Structure formats: structure tokens, C-alpha cells
Amino acid sequence: MGGKRKGRESKGLEGEEDNMADGGYRSSNSNSGHGNVDSNAKRQLLPSMIKNKEKRSAVHAKLKHQKKLEKRKKIKARDAAEKRALELGEEPPSRKIPRTIENTRELDETICKPDDDELFAGNDADEFSSILKQEQTPKVLITTCRFNSTRGPAFITELLSVIPNAHYYKRGTFDLKKIVEYAKKRDFTSLIVVHTNRREPDGLIIIGLPDGPTAHFKLSRLVLRKDIKNHGNPTSHEPELVLNNFTTRLGHRIARLLQSLFRVEPNFRGRRVVTFHNQRDFIFFRHHRYIFETKEVKQADLEGEVAKVSKAEKKSQEKTIVRLQQFGFPPATRPKYGIVEVLMWQKDGLQSALIGQEKHQFQMPNKECGPRFTLKLISLQHGTFDSKGGEYEWVHKPEMDTSRRRFFFERRGL
Amino acid sequence: EKNKAGTMPRTIAVESPGCPPIRAFTFDVLGLVKVIESRGKQGTPKVVDRWGEPDSSKCIVAASIDDCKFHPLLAVARKGGQIELLNPLNGDLHVAINAVDNPAMEPQEHPFVGLHLFKKLRMDSCRSCTLLTCTGKGQASIRTVEVSPADSASLASHKSWIVSAAGDISCYKVDGSENYALFGGKGVEVNIWDLDQCSKIWTAKPPPKNSLGIFSPTWFTSVTFLSKDDHRKFVAGTNNHQVRLYDISAQRRPVMSLDFRETPIKAVAEDEDGNTIYVGNGSGDLASFDIRTGKLLGCFIGKCSGSIRSIARHPELPVLASCGLDSYLRIWDVKSRQLLSAVFLKQHLTATVFDSNFTDEVNPPSNEEQDAIEIQRDEEAMVPVKRKKASKDSEGHKKQKAKKKSKKIKGHVAEEP
């Protein structure tokens, strides 16, 4: 018994100095002087303090069962109260909002704000601006790591069909730095290296050229086209690009990097869309073809923080990314540079979108084509690939993960 | 929200201890100068001012401050070859020089690497200042510039010499007595020049090949003198994540060589006691070493994820400032290595300097002797900075590191056999 007491004293979570004087026995007034009101029973016997595994797991199971029963009782009571209130014609008592990681996200100060002129100046000055201003056409070189694998070539052929103007070159045994030189000489604008491990592609290195940043992504959950049920076949039109939720400065930079792989084509032809959806620092890649069916138009105010800003549209130069989707507009009203923020992404297709100032809802069955994968940024290096001498703009460090609610690419602003 | 007893708290909210009153300048790749101040004993640093318009062709590559009591001056070198002298109190441009030596050359090809504002030569006259500049190609020059509120500046005297004909200079430092300067770079061994005679007095030799026979090419990325009184000992950081201590009076090879993590050492700064150095590398790790024994004293943990470009040690208060590519300026406590605060500054930062003459005590300016000279200071009622001397030392010893920020690609490292 004394061991348990000491264990709790050393925790010192609530500053329980008054228990130190007790020495070796339990005191039942441990609740005094504290703001927390917990049942005495729980205070005195924490399962984690029992050393014996069997007994500990038994106590823990009992505790959980009790909690489950309490929860069930609460839900029953709540449902009964709601039913009663409805019968009487009153307002049912409001339900509590569950606390999720999304609502309790830590505020990130590096969010891009819509009125940040430094952001726009930075965008002008960064390595992608010439492509994104349509001064240069992206030309992408895809290659692999030295040992290619089973799924690697299939993935690469699919990437070739997704990204326009992409060329595949075999790796051979060239050094990556030499490949960068070669690509620069041939006027490529980006270099993608697919890295494989254990016969599966598991890494993606995107290098902007001539001296753009190098982003190293971890690739996972790759599903090839042949494995998708009812897949469609991509056409050769330029795809439209949807970039969701890249709200922080770092996210913005990554979004521009991904954008610079695709050509900026304001007049959308073909109904092919490539989506990079950022959620909790994972970037989900999807590739769809869509068809229009019905459309309704609703007016709504521009709310929340919009990643790609409508104010940017009002600026005379086309500074920002702006290749986003259009949904079911007749050609006459089709905006030239639509700005869309996707509000809801559902499995069977985008359900609503915010275009300019208007909110539109529509039906959009679509076919998924092309690969599906998830990326997570491991590091962003300034300058081209240089593992030894490179300097990093962002590298993941374990000391950054002190909170489950902190992510680096996005912050839910809505 | 309350935490149940015995459960882990859902969020770990560590209150950062506040910052002592400081004032610092940061310089970034869009050519902006931002002034960050923290007031009160436990204040939070905030951006109080921003000078300049965002323009990437005006990217600041080096900066140097002379924050003496009278006529403090801030010199800033920009990518296109311009040097500007600013008033650190309000950002007014005193003078702007286009300091490209040979107008036929493209300024972009020889961007500045280093700039140093001499302090000793300014005490006599407040109307002129002397600058040491160095370009990436090894062209160093000392010029005296008239600082007059009028428009143009005349380059009174101008000495220039070639520091190194081959190789790129990427780091430099002028010592405390301002008689000697260090230069080093890619393919350039560290060498010390006597500034009066413009002659090289010492060159380093590469360390002997290690036991595996691997030779790593010379590439120094940062240097600093160990103490302001002694120009003979200095510390250099290499691209190969090594920190080397050299002693001129002893030998030409490094006296001590330490290895630190795996990315290039981008910034080093020394502490005033002459025994501790602070090292920042390309992946954002900041650490302090005891240079007498070569022991790592500890790392500064604070979520810094971008390369550290510049470290500045406050001459009086035990604070350290570091800035870098992750766009944050972080203020650290030197003794406990704890992060005091971090300020997000939106752009890649290239340099930071402290203004050590900053106090936030409100005192009537009549106490100062300087009001006869600088009348404008009395009118700075809205700028709450009363520039009082915080210390007796008239030569505010500044330690700053300014790194070359260039959009060109650095040359490739020679392949290792």
C-alpha cells in the first residue's frame, strides 16, 4: 500500500503536497484544496499503480466497464429528455459538441492571411512564380531510385499520364546531383524521383529547377488505377487542380511547389481534375473525371479563411495559383479565373464549392482514374538536392510533436 | 479544462518565460528590415516596425550595426550591390551607395557576402563611416562614406584588394579591435588579413587526412573570433558539419575539431567570456560548446526546423537571438538554453543584430548629454525608445553573423572518392 502512495506523490500532478506528510497510508481527504472533483475511489486506486499485471488489467477492465455503463445511462437520459421535450413541444436540450482534434486545433500563427502583401511579394519572388505566371511551361522529369521494383514502373506510367509534359528517364547509376545538372541543361522545370523500398514506392522527391526547393515526401497507401473499381481513363487534356487546406506559410509553399508541376490553364477544357487535399499534414492525391448534372445557385458570404484569396483576383496581376475547379457553369458565366474553395469533399465527389462569392451545390458523379496515394512531407530543403551540404527550410523534428493538436501545413479556419 | 488525476494532460501548455527588454533587427530576403522589441522584464517581443518594401531584388545579404550612444548607424548590403546606411531608430535612409566596383560587371554576379561597419573610426566624426565590404568573388574593399542627410555620398577613400582569386568567399569576420579580418569560403582556406596594410598575415592549412583517407574539400561556411581582445584564436564552421578552432600563434592546422550533427554549420557566434561558442546548422539545431574542452554543453530545443542563418549574442543580457529559413526569430536564454520567445516574421531571414542601447525606462531626455546633438530624439515621443546607454562601454560590441544569401546555386561539392 505504501508503494502506491509514494507513486502518487511523485506524480505531483495536482501539487499534492498535503499528502506528503501522510507518510505511508492513504488519506481520504485528498480532494481537499483542489479544484478537481473526482470520486474518492478513483483517486485512491489508480490501475496504473498496481504492479501486478493480472490484477491491474482486471481493475482496469472493471473501471472501463463502469465508465461504459455510466455513458450508456447518460445517453439514455439525454434521449429521454429530448423525446420528452419534443412531445411537449419545447426545445430539446442542446447536444454537447464533441471535442475533436479539428475543433481543438492549436492556433498557428503562420497562417496565410488574405491581406498579407508580404505573402504576395514572397510569392512573386519565389522560385515558382515564373511558371505560375504562365511565363514558363512546366516540364517534368521523372526518374526512380537506383533499384526499381515491382510497382514502381506501373506507378510511374500512371504519373506520366497524370502530369502533363512529363518525361521518364531511366536512372542508371547517375548521381542525383548530376541528374539535376542534366535536367537544368535540358530546361526542365521540375524533377521527380520516385523512391522505392521493399519493392514498393515509398518516397517522392520533388525538386524544383533551376534552384528550387527540394521537397521530400513519404508516399503511402498507393492504389494503382487497375486496382480501383470502375476506374476511368484519363484524357490528355490539361487537368484542373484543386489544392485544399494549405493554409499556413509552409503549406502555401508546398502548394505552390505542387502547382508548379502542372500547367496553368485558365480555360478549362476536358473535365479532368487532380486534387491535393491536405488534412492534418497528410496530402491526399486523387485524380477524377467528372460530368455535370444539375446545378443550384446559392448566395453566401465569403466566410472563414480562404486559402486562395478572392482579393487576389481583384489585384491586377494574377499573382496566385488560381487553377481551381469550375462546376457546371454555362460558358457565358464561366469566370475566367475562378477561385474555388472546396467546402466538402465526399467520397462520391465534390458536393459543394465556393466560387468567388457564391456558394454552389451540385451533383457531380465522377469517375476516379489514375493513382491514389498519400504524401507526407518529411523535409523541405532550400536549393536543389544536396543531402550533405543542404540547408533545410523545414525538417520534421520529434521535439515539434509536443502536441497532438498542432499541425504544420494547415489550420482549420472554418 | 481540468485534468483527471493520473491522466496525461491533453495539451502540454508550456508558458514561455518572458523576455528581458531587447530590441533587435532582422533582415530578410525581400529586403525588409523588421524591428522587434520586447518591453518590460517579462515581455513578449513584437514587431514594432518594418522598413522597406518587399522586393526580392533588394534581398539583404549582410548587415552591420554600430549602436553607439551617439549616431547609431545600421549598414545593410543588398543583393544588387547596393549598400544603405540607415538610422536604426527610425529606419531613415541616410545614404545609399551603389557599391559595385566595376560598373561593367553585372552586380548579380558578384553579390556581397560581407559588410562590416567600423566602430572605432566613427567616434571622431559623426559625419562619415567606414565600411568593409567583401564580394563572393573575393573582392574586398574598405571605403569611407560621408553620412550626410543630403542625397549623395562621396566615397572618400577606397582601398580594395583581392582576398582570394579562386574560390568563393562565403564567410568573414572582423575582430574586436577592428584591425584584422578573417575570410573563408568554398575552396578558400581561412585567412587573416591585416586591414591597415591590406596584407594577408596567416592562412590555415587543412587538417590531415583522416584514417580512412577520405579527403573532404575545404568549404568554410561561418567564422568568428573567439574573443574581442584576441585576434589569434577563432572558430570556423565547415560545410562538413565540423567546428574547428584555430590558433594563429600555435599552428596552421586546426587546434581542435568538433563534429556537430549532419548539416553544414551555418552560423557561429562567440560568448563574451571567450569560452563558449554557439553553433547553428543547416537543419535548425542550435547548440553551445565549451571551446576549451570541446564539450557540447547542450542544445537549444525549441522547434526550430529551418536552417539557422545568423546568431546574435546580446552584449549585456544573457540572451541569444537566432534567425533562419523557417522565418522565425527566436530569443533564447543563454544559461538555461530555454526558448524565451519566438516571433514569426513571414520571410526567410538572413541576418539579425541586437541593438544593445535599448532600455524601456522612461526618463526625461534632459539627462542625456546627447540632446544637444540629436535634437530629433526628443521629439520621438511616439517612438517610446529612449536611447540611453545601458552600459559604460562606448564601443557596443556587437556580434553578428551575416550570411550570404544568394539565389544562385552554390557550386557542387567535389565528389568524394
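Residues numbered from 1 in each chain as written. Chains lettered and ligands numbered in written order. Predicted model: local features only at pLDDT ≥ 70, side-chain atom pairs only at ≥ 80, totals over all residues. Heavy atoms only, no water.

Under the annotation held in an unreviewed UniProt entry, chain B carries the name WD repeat-containing protein 74 and is attributed to Dillenia turbinata.

Looking up chain A in an unreviewed UniProt entry gives the name Brix domain, with the organism given as Dillenia turbinata.

Residues and elements named next belong to chain A. Among the residues of helix α7 (residues 176–185), Leu176, Lys177, Ile179, Val180, Ala183 and Lys184 are the ones counted as buried. Relative to the axis of α7, the buried residues are bounded by an arc of 155 degrees and lie together on one face. Seen from the buried face of α7, the exposed residues on the opposite side, beyond 90 degrees, are Lys178 and Lys185. Elements in contact with the buried residues of α7: β1 (140–144), β3 (190–197) and β4 (200–208). Asp187 sits one or two positions beyond α7 and adopts a positive phi of about 65 degrees. (Buried < 20%, exposed > 50% of the residue type's maximum accessible area, 1.4 Å probe, protein only. Helix = DSSP H or I, 4+ residues; strand = E, 2+ residues; numbered from the N terminus. Arc of directions from axis to C-beta. Contact = heavy atoms within 4.5 Å.)

We now examine empty space enclosed by the protein. Residues and elements named next belong to chain A. Using the criterion set out here, one finds eleven cavities of 30 Å³ or more in the structure. Volume-wise, the largest cavity comes out at about 90 Å³. For the largest cavity, the lining is made up of 13 residues, of which Leu159, Ile163, Leu261, Phe276 and Phe373 are closest to its centre. Elements with a contribution of two residues or more to the lining of the largest cavity: α6 (152–162), β4 and β14 (372–382). Across the lining of the largest cavity, the residue classes tally to 13 nonpolar, no polar and no charged. (1 Å grid on protein atoms, 1.4 Å probe; cavity = no way out; pocket = protein on both sides within 12 Å on 5 of 7 lines; lining within 4 Å. Points joined across faces, edges and corners; volume = space filled by probe spheres on them. Nonpolar A, V, L, I, M, F, W, Y, C, P; charged D, E, K, R; others polar.)

Here we come to the pattern of salt bridges. Residues and elements named next belong to chain B. Here the structure, examined in full by the defined rule, presents 17 salt bridges over all chains. The salt bridge partner of Arg330 is Asp326, with a shortest N-O separation of 2.7 Å. Take Arg330 and Asp326: they sit in the same class, and that class is buried. Among the ionic contacts, a cluster of salt bridges with common partners joins Arg23, Glu37, Arg39 and Asp355. (Salt bridge = Lys/Arg side-chain N within 4 Å of Asp/Glu carboxyl O.)

So, about the packing of aromatic side chains. One pass over the full model with this rule turns up 17 aromatic pairs over all chains. Considering the side-chain rings of Phe220(B) and Tyr246(B), the 6.3 Å spacing of their centres and the 65 degrees angle between planes classify their relative orientation as edge-to-face. Here Phe220(B) is found in strand β16 (residues 220–225), whereas its partner Tyr246(B) is found in strand β18 (residues 242–247), with 26 residues between them in sequence. Taking relative accessible area as the criterion, Phe220(B) reaches 1% and is therefore assigned buried. Overall, Tyr246(B) belongs to the buried group, its relative accessible area being 0%. With a centroid separation of 6.3 Å and 70 degrees between ring planes, the pair formed by Phe225(B) and Phe234(B) is classed as edge-to-face. Pair check on accessibility: Phe225(B) and Phe234(B) agree, each one buried. Among the aromatic side chains, those forming a connected cluster through ring pairs are Phe155(A), Phe262(A), Phe276(A), Phe285(A) and Phe373(A). Here the basic side chain of Lys139(A) rests over the ring of Phe188(A), its NZ or CZ set 4.5 Å away from the ring centre. In this structure, Lys186(B) is placed above the aromatic ring of Trp219(B), and the distance from its NZ or CZ to the ring centre is 4.6 Å. (Phe/Tyr/Trp six-rings, centres within 6.5 Å; stacked < 30°, edge-to-face > 60°. Lys NZ or Arg CZ within 6 Å of the ring centre and 35° of its normal.)

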